[in-house]
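Chains, contacts and geometry: an overview
Given next are the chains, with one letter for each unit.
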Amino acid sequence: MSSPDWAAWASIPWTPLTASPDTTTITDTNNKTIGYHKHHVPYLPQSTPSPWQTLDVWIPPPSTGSPPPRNLIPSSANRPWLIFIHGGAWRDPFVTSSAFSSAALHILSSPTGPQIAGLASLNYRLSPYPSHPTSPSPPSKPGATPDPARLARHPDHIHDVLAGIGYLQRLGAASGPYVLAGHSCGATMAFQAAMDPSRWGLSPAICIAQPAALVGLNGLYDLAGFIASPPAKYAGLRDAYAEFTCAAFGDDETAWRAACPATADGWWPREWDAGRERRRRVVLVQSCEDSLVPRQQLESMRGYLEREEGVVEVLEMEALGEHDGIWVSGERMAQILLEVAAGLGQA
Ligand SMILES: N[C@@H](CC(=O)c1ccccc1NC=O)C(=O)O
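All of the points below concern the structure found in this document.

Conventions we followed
- Counting of residues starts from 1 at the beginning of each chain's written sequence and follows it residue by residue.
- Local features are withheld for residues below a pLDDT of 70 in this predicted model, meaning they are given only at 70 or higher, and side-chain atom pairs are given and counted only at 80 or more; totals for whole chains, interfaces and linings count all residues.
- The basis for every side-chain value is the complete set of heavy atoms in the structure, and neither hydrogens nor water enter the calculation.
- Any carboxyl oxygen of Asp or Glu within 4 Å of a side-chain nitrogen of Lys or Arg constitutes a salt bridge here.
- Comment: elements are numbered from the N terminus, with helices defined as DSSP H or I runs of at least four residues and strands as E runs of at least two.
- When accessible area is computed with a 1.4 Å probe and restricted to protein chains, residues below 20% of their type maximum are described as buried, those above 50% as exposed, and intermediate ones as partly exposed.
- By this rule the span expected of a helix is its residue count minus one, scaled by 1.5 Å.

1. Overview of the pattern of salt bridges
For the coordinates displayed, the defined rule picks out 11 salt bridges. With its nearest N and O atoms 2.8 Å apart, the salt bridge here joins Arg-91 to Glu-243. Of the two residues, Arg-91 sits in the loop between strand S4 (81–85) and helix H2 (101–109) while Glu-243 sits in helix H6 (residues 238–249), which places them 152 residues apart along the sequence. Residue Arg-91 is classed as buried on the basis of its relative accessible area of 9%. Between Asp-160 and Arg-125 there is a salt bridge whose closest N-O contact spans 2.8 Å. Of this pair, Asp-160 sits in helix H3 (residues 156–171) while Arg-125 is found in the loop between strand S5 (118–122) and H3, placing the two residues 35 residues apart along the sequence. Classification of Asp-160 as buried rests on a relative accessible area of 0%. Through salt bridges that share partners, Arg-295, Glu-299, Arg-302, Glu-306 and Glu-316 make up one connected network.

Structure representation (structure tokens):
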């Protein structure tokens, strides 16, 4: 580990977590430390610090029974990491790494929580959002300084996600089999992380050890398809999709197709190295009560992944509720992620 990486990691203290997320059913964890949390660790310690290029980490209590030292990196030996990428249409400033907080608390308070080495949730630069009602980017006030980290465009977002995962791996975290999960546009990016980074014009220097399993929660996989022909019930969202898609990828539809995991040129699953001898495992989750993302996105992703037989194992898991409900509550998400992590041992 280089010393700027180390200094950035040790600069953020561990905060003990004592609250149980569900006091009605888990009573014995009240007032007990269920884990520790680091908030906004800068993953590009050599660059100008930006809150958008940070990550949060949660760990179960160390087996020593003492609070972890600031420089502790939990060992990945035999225990998987879970890494989460939040949604928000690549542009919503109010959806951040903290979107993982509820699920993290549920995971840490679960009986199988200690089987996880650690949990991480990534921030990344966002695209312009001039129509945001309270925090437009660029700012609407004349003379106000725009935040360059909120004027990003593809491949900036995936560049940051890969940089965050690379940082964790330089620390020794997530160096063994790990699960990469994303919600909504975070699912798009989780899949992009399994593709050859040269697709994004990125140097092999930011190459990561790729995930053993991908989990897409209410994910976006085919933006061009949605915008060309949204399902009837979602037709009213076409302008909103076109707006955030253009903000993230520009106006050229070819770029949307190249970036989206269900429409990318060629067939990327063979670019995904899930680890030696390991099946590439994908878990797709789509709530039928989601008013923002239609089930058709999942179907289109499944169709692409199953184009060649026996390369990717695609599983589907159930979830209910609204688009963001899955991370707002976090309970079902925690179950899904723990189940996928437990399955890594059997891959
Ligand atoms: N809150 C978002 C809306 C949003 O996130 C969204 C809307 C439709 C379909 C997917 C969405 N988010 C995916 O990351 C926004 O303000 O643009």
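2. Concerning helix H10 (residues 331–344)
Here H10 spans 21 Å end to end across 14 residues, near enough to the 20 Å set by a 1.5 Å rise per residue. Within H10, the full set of buried residues consists of Met-333, Ala-334, Ile-336, Leu-337, Leu-338, Val-340, Ala-341, Gly-343 and Leu-344.

Geometric descriptors of this kind do not, in isolation, establish any biological role.
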